[in-house]
Structures are given as C-alpha cells and as structure tokens.
Amino acid sequence: AKPSHKMTQSSDSGGSVKVAIRLRPLNKKELASSKSNKGLRAWRVHENRGIDGKVTQRSIRQTGEEKAIEGKSLFSFDEVFDEDAATDDIYDAVGSVIVKGAVDGRNGTIFAYGQTGSGKTYTMQGNGLTGSIPKDGVETEAVDGIIQMVARDLFEHIGSDPTREFLLRASFVEVYNETIRDLLHDHDDAE
C-alpha cells in the first residue's frame, strides 16, 4: 500500500498558491556513485504522524538529519512526493484541482522549477513514448506527463457539459538562463 501524500484539505481551488515537490530517483550515474557512498541521497522525505497514525505532514530533510534542527535542513510544502511517486499521483493531487478551477473560470498555472536534470521535463512531458516500445529486449511503456493529463482532463470536463461554451487559452513557456522561450512557437526564427 502506498503512503498517502495528501497533507492539506482545501474546499476550493481558488485564490492561493500551493507548492509541491517531487524527489526524483537517482539516475544510473548517481546509483553507481552512491554504491561507494552507501546509497545515500542528499534529501529524504520525513513524515509526521498524528495519534491515529495518519500522516499529518510530509517534509524533506537532508540525509543524516534524524530530527529537525531549527532553521536548518527541514522544508515543508503543501505536497511532498518521494522517489516512488508516479506522475499520475502528482497530477491527481495537484493538477486535477487546477484543471477543475480552470473549468470553473479561474486561472491556473503549473510551474516546474529545478536545476538541470532534476526531472522537470519528465514530470511535465512524460517519457515521450506512445504505446509500448521494445528497447534492449524490454517493453518500455509510455508514461504521460502533466501536460498530457491536463489536456485529457480538460477536454473530458468540456465534453461533459454541452450546455456551456468554453474559450481556452494556453501558453507553454520555458525560462532558461533568464530567457523566456515560447514552446508553442517555431524557434528557427532569430529571437
């Protein structure tokens, strides 16, 4: 059974900023290096539990910090996803609320931020496959990203209410080295 990642209950999806974090698994190079470092990761998910045993808060701590030191190495977020979290779990907790708000007429933004190689593209765009593709004798299944899940969910909501008329506006941008790039525009032109 997967541990619950939901820490906050909100009756509506408007008027606030929520911050979620996803810790990605180690890549092959890091795994090879971690064998000499006894498999240590820089950050670990820490769970606080209530009297009933249910998770009341998840935070991240630097590896080796067994208890929080005030002002050091403890970071709390609205949602915390560990290395085993699937992208659809993240979408269910974060993205679906934003889509529902957008269908109800509110603006919504999903913003992925992190250093190079931290998993932003994978989380937002998936693995880029459709169907299953054999690679090195192993079937590799397609994994959708948040963008595909938002599109699918949004059009399901629209299709379920034929009495309403919807106007959709979307932008997909990348901010890299303080330069904003429109991902829906052909970039062969000089910027």
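Everything below is about the structure printed above this text.
Residues numbered from 1 in each chain as written. Predicted model: local features only at pLDDT ≥ 70, side-chain atom pairs only at ≥ 80, totals over all residues. Heavy atoms only, no water.

Participant: I would appreciate a short explanation of the overall build of the chain in the present structure.
Facilitator: Within the chain, the secondary structure is distributed over four helices and nine strands. Across the chain, helices and strands are ordered from the amino to the carboxyl terminus as β-α-β-β-β-β-α-α-β-β-α-β-β. Relative to its full complement of 191 residues, the chain shows a buried share of 19%. In the chain, of all internal contacts separated by at least 6 residues, the share reaching a separation of at least 24 is 40%. (Helix = DSSP H or I, 4+ residues; strand = E, 2+ residues; numbered from the N terminus. Buried < 20%, exposed > 50% of the residue type's maximum accessible area, 1.4 Å probe, protein only. Contact = heavy atoms within 4.5 Å.)

Participant: What am I meant to see in the pattern of salt bridges here?
Facilitator: Proximity of charged atoms lets side chains of opposite charge pair with each other. For the coordinates displayed, the defined rule picks out three salt bridges. The salt bridge partner of Asp 144 is Arg 152, with a shortest N-O separation of 2.9 Å. Close ionic contact of Arg 181 with Glu 174 constitutes a salt bridge, the shortest N to O distance being 3.2 Å. Among the residues examined, Arg 181 registers a relative accessible area of 33% and is labelled partly exposed. (Salt bridge = Lys/Arg side-chain N within 4 Å of Asp/Glu carboxyl O.)

Participant: What is the right way to look at unusual backbone geometry in this model?
Facilitator: Excluding glycine, a negative phi dihedral is what most residues carry, and trans is how most peptide bonds are arranged. With phi around 50°, Asn 177 is a residue other than glycine that occupies positive phi space. Mapped onto the elements of the fold, Asn 177 is located in the loop between β8 (173–176) and β9 (179–182). Its relative accessible area of 63% is what places Asn 177 among the exposed residues. A positive phi angle, close to 65°, is found at Glu 178, a residue other than glycine. Locating Glu 178 in the fold gives a position in the loop between β8 and β9.

Participant: Is there a simple way to think about the pairing of β9 in this case?
Facilitator: The side chains of a regular strand alternate between both faces of the sheet. Here β8 runs beside β9; their pairing, made up of four bridges, is antiparallel. In the strand pairing of β9, Val 173 is matched with Asp 182. (Pairing = 2+ DSSP bridges.)

Participant: Before we go on, may I ask you to explain the packing of aromatic side chains in this structure?
Facilitator: Summed over all chains, the structure comprises one aromatic pair. Their ring planes at 10° and their centres at 6.4 Å tell us that Phe 111 and Tyr 113 sit as a pair that is stacked. A relative accessible area of 74% places Tyr 113 in the exposed class. (Phe/Tyr/Trp six-rings, centres within 6.5 Å; stacked < 30°, edge-to-face > 60°.)

Participant: What is the right way to look at the packing of helix α2 (residues 87–103) against helix α4 (residues 146–159) in this model?
Facilitator: Any two packed helices are characterised by how steeply their axes cross, that is the angle between the axes, and by the distance between the axes. At a closest axis distance of 9 Å, the pairing of α2 and α4 adopts a crossing angle of 45°. The angle between the axes of α2 and α4 places the two elements in the oblique class. As for how α2 packs across α4, the hand of that crossing is right-handed. On α4, the residues that touch Thr 87, Asp 88, Ile 90, Tyr 91, Ser 96, Val 99, Lys 100 and Val 103 of α2 are Ile 146, Met 149, Val 150, Asp 153, Leu 154 and His 157. Split into classes, the residues belonging to the contact of α2 with α4 amount to eight nonpolar, three polar and three charged. (Axes fitted to C-alpha atoms, helices over the stretch in contact; angles between N-to-C directions. Parallel < 35°, antiparallel > 145°, perpendicular 65-115°, else oblique. Left-handed = near helix turned anticlockwise from the far one by under 90°. Nonpolar A, V, L, I, M, F, W, Y, C, P; charged D, E, K, R; others polar.)

Participant: Which parts of the structure should I look at to understand a nonpolar patch on the surface?
Facilitator: The grouping of Phe 172, Leu 183 and Leu 184 at the surface amounts to a nonpolar patch, some 260 Å² of accessible area in total. Along the chain, Leu 184 falls in the segment after β9. (Patch = residues over 30% accessible without salt bridge, like charges linked within 9 Å, V, L, I, M, F, W, Y side chains within 5 Å. Areas by Shrake-Rupley, 256 points an atom, 1.4 Å probe, with all protein chains shown as cover.)

Participant: How should I be thinking about the nonpolar core in this particular structure?
Facilitator: General note: in soluble globular proteins, nonpolar side chains tend to be found buried as a group. Grouped together as the largest cluster of nonpolar side chains are 12 residues: Phe 81, Ala 85, Ile 90, Tyr 91, Ala 93, Val 99, Val 103, Met 124, Ile 146, Met 149, Leu 154 and Ile 158. When contributions to this core are tallied by element, the ones reaching two or more residues are α2 and α4. Contact partners of Tyr 91, with chain neighbours within four places excluded, come to Ser 96, Val 99, Ile 146, Met 149, Val 150 and Asp 153. (Core = buried A, V, L, I, M, F, W, Y, C linked by side-chain atoms within 4.5 Å.)

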